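# Fold and geometry: a report
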Amino acid sequence: MMPSTIKVNLGAAAPFGFKGAGFLLLLTLLLSFSGAAQQLDKPVVTIDEELTSFSIAPDGRIAFGVRRNVHNKKYDLQHDDIWIQDSGGKRRRILEGSKFSINKYAVFINRDKKTVAREKGKLDPELDLSDATFSYTVDSLRWSPNGRYLLAQLFTTFVVDESGKTQDEFMTLVIDDSGKEIRLGGNDPLIHNAEDAVFLVDNATIAYLTEVIKPGLLFSFKYSTIANGTGGALFEGRTFLSVAPIPKTNFAIAIERDKTLSGPPRLQHLDLLAQDDSEIATLDGYEGGLTVSPSGKLAAYYVDKENIEVRDLTAPTRVARIRLGPGALEWSPDEKRLLFKRAPERKTAELCWIPIPPLATPAAGNEILVAQPDFNPIFHGSVTRDFAISPDGRFLAVIFPGKRNLDLFPLQ
């Protein structure tokens, strides 16, 4: 769902939407977006594996999932490995997928279409699927703030009966950086029906989302702790479209929506530990992509299917909009640009730097001016699949299509 305090220069506030001077402002924005693209030629690190996901720790270590195929008499399955590479290039496998079993923990799926049953660390003889066939991929990885633990989000598929019927579930595996399973409350290292899990700054409490309305329309918050296991609900009774943690804090920015999806989306500031909240703004719309800047002072999100809205979280009436089309976003370390891939997550497209126009409070009755940026690819027009900027802002990690190797480039 997390980066250091950076001084932000947002520019002078000015009302948007007026004629004459408004045209001059638009022309200035267009000219400012036409600068030369940064070209990155040679990676300083290459991981030559077929990666399914990766995450860079604050100290520069890279955790990554590697696709591994296994076979039994009836099915071709996927059981990914998890590796860690240190800053010196030494790597070690901390999870061997071919030996990993989900079924030895409290996962029970009734072959006779009864209710899914779970008990902490205790098998129900009637529902024991110790011989069940399952497949999984390491969908995402996230480090704890102290770099000691990893949260591995697994997308799992179980074969639940002899006809080959399957059942999918997102679950989160908690392990340390040696690969030791962290049994929450002394029982299960797996948090079931858990997505976008994140450690709070105590490195002991895990907040995560669980699906309320399928498929992935609305979520509620829950938490678990290393010491006691499942802890229960956070912000009970409330539902959210998306959540983005604020780096190095127990706070998050969230898009809240009621269960009937009838009310407008609301941008909220959440204290995950105290379960306090305050509303930042009611939005004109929300289409995904919520991301928070490294300092926690700015947020960006799709206000509709074409336009990104950037909002000052310390002065919420100050906004700017940029017409980008569908894609994936990440903040530059200086918070003056967005790194933009011109396609949704896990799809291939060019990677471009997009300058952020000045933020301002719109004049009453006027629409927010929408900036039209130039798209200057940073890899000579080559497309990318996945990307991330390291927590210290020094490196850009990229997975190119094809073999899905990971390349690490220095950021200038």
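### Regarding the overall build of the protein
For the protein, the helix and strand inventory stands at one helix and 31 strands. By residue count, 51% of the 412 residues in the protein fall in the buried class.

### Describing unusual backbone geometry
A cis amide bond, omega -10 degrees, links lysine 214 with the succeeding residue proline 215. Mapped onto the elements, proline 215 comes out in the loop between β13 (205–213) and β14 (218–225). The residue asparagine 193 is not glycine, and still its phi comes out positive at about 50 degrees. Structurally, asparagine 193 can be placed in the loop between β11 (190–192) and β12 (195–199). With a phi close to 60 degrees, glutamine 275 is a non-glycine residue in the positive phi region.

### Concerning the confidence of the model for the protein
Counting all residues, the mean pLDDT for the protein is 83, and 83% of those residues have values of 70 or more. Across residues 1–38 the pLDDT falls below 50, and counting only partners more than four positions away or on other chains, this stretch makes 88 contacts in the model. Low pLDDT, under 50, characterises residues 104–131; the stretch is placed with 51 contacts to residues that sit more than four places away or in other chains.

### Concerning the packing of aromatic side chains
Considering all chains together, one arrives at 13 aromatic pairs under this definition. For the ring pair phenylalanine 400 and phenylalanine 409, a centre distance of 6.4 Å and an interplane angle of 90 degrees mean the geometry is edge-to-face. For the pair phenylalanine 400 and phenylalanine 409, one class covers both residues: buried. Taken together, Phe100, Phe134, Tyr136 and Phe158 form an aromatic cluster joined through their ring pairs. Arginine 337 extends its terminal NZ or CZ atom over the ring of tryptophan 353, reaching a point 3.9 Å from the ring centre.

### Some thoughts on the sheet that holds strand β20 (residues 291–292)
Judged by pairing direction, the sheet is mixed, and its five strands sit side by side in the order β20-β21-β22-β23-β27 without closing on themselves. Lying at the two open borders of the sheet, with one neighbouring strand each, are β20 and β27 (370–371). With five bridges connecting them, strand β22 (residues 307–312) and strand β23 (residues 319–323) associate as antiparallel partners. Within the sheet, the bridge partner assigned to asparagine 307 lies in β23 and is arginine 323.

### Structural notes on the nonpolar core
Within the largest apolar cluster, 22 residues are counted, with the highest numbers of intra-cluster contacts made by Ile82, Phe100, Ile102, Tyr136, Leu150, Leu154 and Leu173. For this core, the elements supplying multiple residues, two or more each, are β6 (81–85), β7 (91–95), β8 (133–143), β9 (149–159) and β10 (166–176). With five residues, β8 is the largest single contributor of residues to this core. One finds Leu298, Ala300, Cys352 and Leu359 within the second-largest nonpolar core, a separate group that totals 16 residues.

### A look at the pairing of strand β17 (residues 251–256)
In terms of burial, β17 is a largely internal element, five of the six residues being buried. With five bridges joining them, strand β16 (residues 240–245) and β17 adopt antiparallel strand pairing. What sits directly across from proline 245, in β17, is alanine 252. Where β16 folds back onto β17 in an antiparallel hairpin, the turn is made up of five residues, including lysine 248, whose phi is positive at roughly 60 degrees. Here β17 pairs with strand β18 (residues 266–271) via six bridges, running antiparallel. Bridging across to β18, phenylalanine 251 finds its partner in aspartate 271.

### A few points about the side chain of threonine 205
Here threonine 205 shows up in strand β13. By relative accessible area, which is 11% here, threonine 205 ends up buried. Polar side-chain contacts of threonine 205 include one of 2.7 Å to the side chain of aspartate 202. Threonine 205 has contacts with Val198, Phe199, Leu200, Tyr223, Ser224 and Thr225, leaving out every residue within four places of it along the chain.

### A few points about the sheet that holds strand β29 (residues 386–389)
Read across the open sheet, the four strands follow the order β1-β31-β30-β29; overall the sheet is antiparallel. Two strands close off the open sheet at either side, each with one partner strand: β1 (45–47) and β29. Sheet twist, expressed as the mean angle between neighbouring strand axes with direction ignored, is 15 degrees. Direction of pairing for β29 relative to strand β30 (residues 395–399): antiparallel, over a ladder of four bridges. Along β30, the bridge assignment pairs alanine 388 with alanine 397.

How each quantity is defined
- Residues numbered from 1 in each chain as written.
- Predicted model: local features only at pLDDT ≥ 70, side-chain atom pairs only at ≥ 80, totals over all residues.
- Heavy atoms only, no water.
- Helix = DSSP H or I, 4+ residues; strand = E, 2+ residues; numbered from the N terminus.
- Buried < 20%, exposed > 50% of the residue type's maximum accessible area, 1.4 Å probe, protein only.
- pLDDT = per-residue confidence, 0-100.
- Contact = heavy atoms within 4.5 Å.
- Phe/Tyr/Trp six-rings, centres within 6.5 Å; stacked < 30°, edge-to-face > 60°.
- Lys NZ or Arg CZ within 6 Å of the ring centre and 35° of its normal.
- Pairing = 2+ DSSP bridges.
- Core = buried A, V, L, I, M, F, W, Y, C linked by side-chain atoms within 4.5 Å.
- Polar contact = N/O pair within 3.5 Å; in protein donor to acceptor, adjacent residues only side chain to side chain.
- Axes fitted to C-alpha atoms, helices over the stretch in contact; angles between N-to-C directions.

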